[in-house]
Amino acid sequence: MSPPKKRITILGSTGSIGQSSLSVIESLGEDYQLVSAGAHRQWRLLADQARRYHLQKVVITDPKYEKKLKNALVDTDTEVLAGSDHLVDLARDELVDIVVVAVVGAAALPAVLAAAQAGKTLAIANKESLVMAGCLVMPLARQNDATVLPIDSEHSAILQALRAGRRHEVKKVIITCSGGPFLEASSDQIARANLADALNHPTWNMGPKITIDSATLMNKALEIVEARWLFDLDPDQIEVLIHPESIIHSLVEFCDGSVLAQLSPPDMRLPIQFALTYPDRREGPAPLLDLHQIRQLNFQPPDPERFPALRLGFEVARRGGTAGAVLNAANEAAVGAFQEGKISCNQIAELTELSLRKHNSIENPDLPQIMEADRWARREVIDSLKSLPHSAKL
Ligand code: NDP
Ligand code: MG
């Protein structure tokens, strides 16, 4: 008898990770079945997905688009639900084995907690929920036999490399970083960069928020905290290394000096597939590595002067408590302000740091305390914007 199909929901199916996940599921064939999906506003694309994959349920989190989506699917059997609460329902639905969390930002947290509580396999791209509340998500997953598998390429690489040794044999992990579009830029050039410059990532094609995070290196700061929670690391065991080609996705150094790395061309379909098939491996749609063609791999230390965000990542990994929620929320608010042309690129890390400085962290917070820290940090950034001297704004 063939093993039962793995039934999957994708939260954030219309985004970059969501759509790559769909192509992976298609290529995996009949052992994997997408049963439901959720998106925020792109109702047309969600309706197309519902038809193509004969989905049982779809959720549109912005209720403004409920009617349009219902009309578009009126002749199908797909159940249409509206509002973010229903994302939580998809995450704990008994129809589902694997929850792909491809929503951007803090909005994913309730569904992540629900999936952990329901003992699902979480294939999690959304690093923000782990940065905010890794201290809740990971113990909840352990208590309920849920499996948390990273999609983030660096963390997938670490997961793969960790399998080469035992936990107590790990000396450190080295998270690689392309350096983003401003790797060679001066501080002045970064300060003058506009949105198009920040969105021009040299190696990865991703959604806008993570692309901006990659330009400020705040993405790496978030990934330090993400790694700390996912792998229960001491922050002093984490290093960051600039590697412009994005071929080595991260490395693990063991106590005997052996360093294990995971290499592949920069394509998210590979880490997505590994999270779906874990612990097995399958042939997949991602391109193969050709080192004859690449010939050279480069490395350099990160520059904390031009990229102060990195420091914040290490600081927050050490502080723990509600500091993660503040880092994430202040950054989300500041990225929003940058997208609206209200601040310059370098002010994203400045405003985030300002919030962190003012925040009195609560140790071992509960969910209401984390949510309050999130709201507080967003208000802080908005207030700081109002008080910025006019010349400091764009
Ligand atoms: P996108 O912006 O491309 O997609 C975001 C998805 O989230 C869309 O489906 C969007 O719906 C949905 N969404 C947006 N806001 C909300 C909300 N308030 N409630 C519910 N759903 C919402 O982002 P990415 O795919 O690039 O990134 C997704 C996550 O994966 C992020 O956390 C990112 O850090 C992480 N990640 C991404 C990588 C990548 O290569 N893209 C690599 C590693 C991690 P709609 O389209 O309808 O607005
Ligand atoms: Mg990453």
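Above this text is the structure in question.
Residues numbered from 1 in each chain as written. Chains lettered and ligands numbered in written order. Predicted model: local features only at pLDDT ≥ 70, side-chain atom pairs only at ≥ 80, totals over all residues. Heavy atoms only, no water.

Q: Can you help me understand the packing of aromatic side chains in this one?
A: According to the stated counting rule, one finds 1 aromatic pair in the structure shown. Ring plane angle 90 degrees and centroid distance 5.6 Å describe the contact between Phe274 and Tyr278, whose orientation is recorded as edge-to-face. By relative accessible area, which is 30% here, Tyr278 ends up partly exposed. Taking the ring centre of Trp229 as reference, the NZ or CZ of Arg228 above it sits at 3.9 Å. (Phe/Tyr/Trp six-rings, centres within 6.5 Å; stacked < 30°, edge-to-face > 60°. Buried < 20%, exposed > 50% of the residue type's maximum accessible area, 1.4 Å probe, protein only. Lys NZ or Arg CZ within 6 Å of the ring centre and 35° of its normal.)

Q: Please explain the coordination of the magnesium ion (ligand 2) as it appears in this structure.
A: Reference values for coordination geometry: four tetrahedral donors around a metal ideally subtend 109.5 degrees, six octahedral donors ideally subtend 90 or 180 degrees. For the magnesium ion (ligand 2), the full set of protein donor atoms is Asp152 (OD), Glu154 (OE) and Glu223 (OE), and the range of their distances to it is 2.0 to 2.2 Å. As a motif over one chain, the donors of the magnesium ion (ligand 2) read D-x1-E-x68-E. Of this pair, Glu154 sits in helix 7 (residues 153–162) while Glu223 is found in helix 11 (residues 218–230), placing the two residues 69 residues apart along the sequence. In this structure Glu223 comes out as buried when scored by relative accessible area, which is 1%. (Donors = N, O, S within 2.8 Å, 3.2 Å for Na, K, Ca; no water. Helix = DSSP H or I, 4+ residues; strand = E, 2+ residues; numbered from the N terminus.)

Q: Mind showing me how you'd approach the pattern of salt bridges here?
A: Here the idea is simple: oppositely charged side chains can pair when their charged atoms come close. A full pass over the atoms with the stated rule returns 34 salt bridges. The partner of Arg269 in a salt bridge is Asp267, and the shortest N-O contact between them spans 2.8 Å. Looking at Arg269, the relative accessible area reads 24%, which means it is partly exposed. Accessibility expressed as a relative area gives 16% for Asp267, which makes it buried. Within the structure, one salt-bridge network assembled from shared partners comprises Lys127, Asp152, Glu154, Lys220 and Glu223. (Salt bridge = Lys/Arg side-chain N within 4 Å of Asp/Glu carboxyl O.)

Q: What's the story with the pairing of strand 5 (residues 98–101) in this structure? I'm lost.
A: Two faces belong to every sheet, and in a regular strand the side chains alternate between them. Because side chains alternate across strand 5, one face comprises the buried residues Ile98 and Val100, and the other comprises Val99 and Val101, equally buried. Pairing of strand 1 (residues 6–11) with strand 5, which is carried by 4 bridges, proceeds in the parallel orientation. Note that in strand 5 the partner of Ile8 across the bridge is Ile98. Relative to strand 6 (residues 121–124), strand 5 runs parallel, the two sharing 4 bridges. Across the sheet, the residue bridging to Val101 is Ile124, located in strand 6. For the crossover that starts at strand 5, traverses helix 5 (residues 109–117) and ends in the parallel strand 6, the hand is right-handed. (Pairing = 2+ DSSP bridges. Right-handed = clockwise from strand over helix to strand, strands pointing away.)

Q: What's the story with helix 11 in this structure? I'm lost.
A: An ideal rise of 1.5 Å per residue puts 18 Å on 13 residues; helix 11 measures up with 18 Å between its terminal C-alpha atoms. Within helix 11, 13 of the 13 residues are buried, which leaves it mostly tucked inside the rest of the structure. Note on helix 11: the residue one or two positions beyond its end, Asp232, has a positive phi of about 50 degrees. (Expected span 1.5 Å × (residues − 1).)

Q: I keep staring at the side chain of Thr9 and nothing clicks. Help me out?
A: For Thr9, the position within the fold is in strand 1. Separated by 2.8 Å, the side chains of Thr9 and Ser36 make a polar contact. Those residues in contact with Thr9, other than ones at most four positions away along the chain, are Leu34, Ser36, Ala37, Leu90, Val96, Ile98, Val99 and Val100. (Polar contact = N/O pair within 3.5 Å; in protein donor to acceptor, adjacent residues only side chain to side chain. Contact = heavy atoms within 4.5 Å.)

Q: I would appreciate a short explanation of the sheet that holds strand 2 (residues 32–39) in the present structure.
A: The strands making up a sheet associate through hydrogen bonds between their backbones, and the pairing can be parallel or antiparallel. If you walk across this open sheet you meet the 7 strands as 4-3-2-1-5-6-7, and the pairing is parallel. The sheet is open, and its two edges are formed by strand 4 (79–82) and strand 7 (147–150), each paired on a single side. For this sheet, the mean inter-axis angle between neighbouring strands, taken without regard to orientation, is 20 degrees. Of the strand pairs in this sheet, strand 1 and strand 2 are connected by 6 bridges, and their pairing is parallel. Pairing of Arg7 across the sheet is with Gln33, part of strand 2. (Axes fitted to C-alpha atoms, helices over the stretch in contact; angles between N-to-C directions.)

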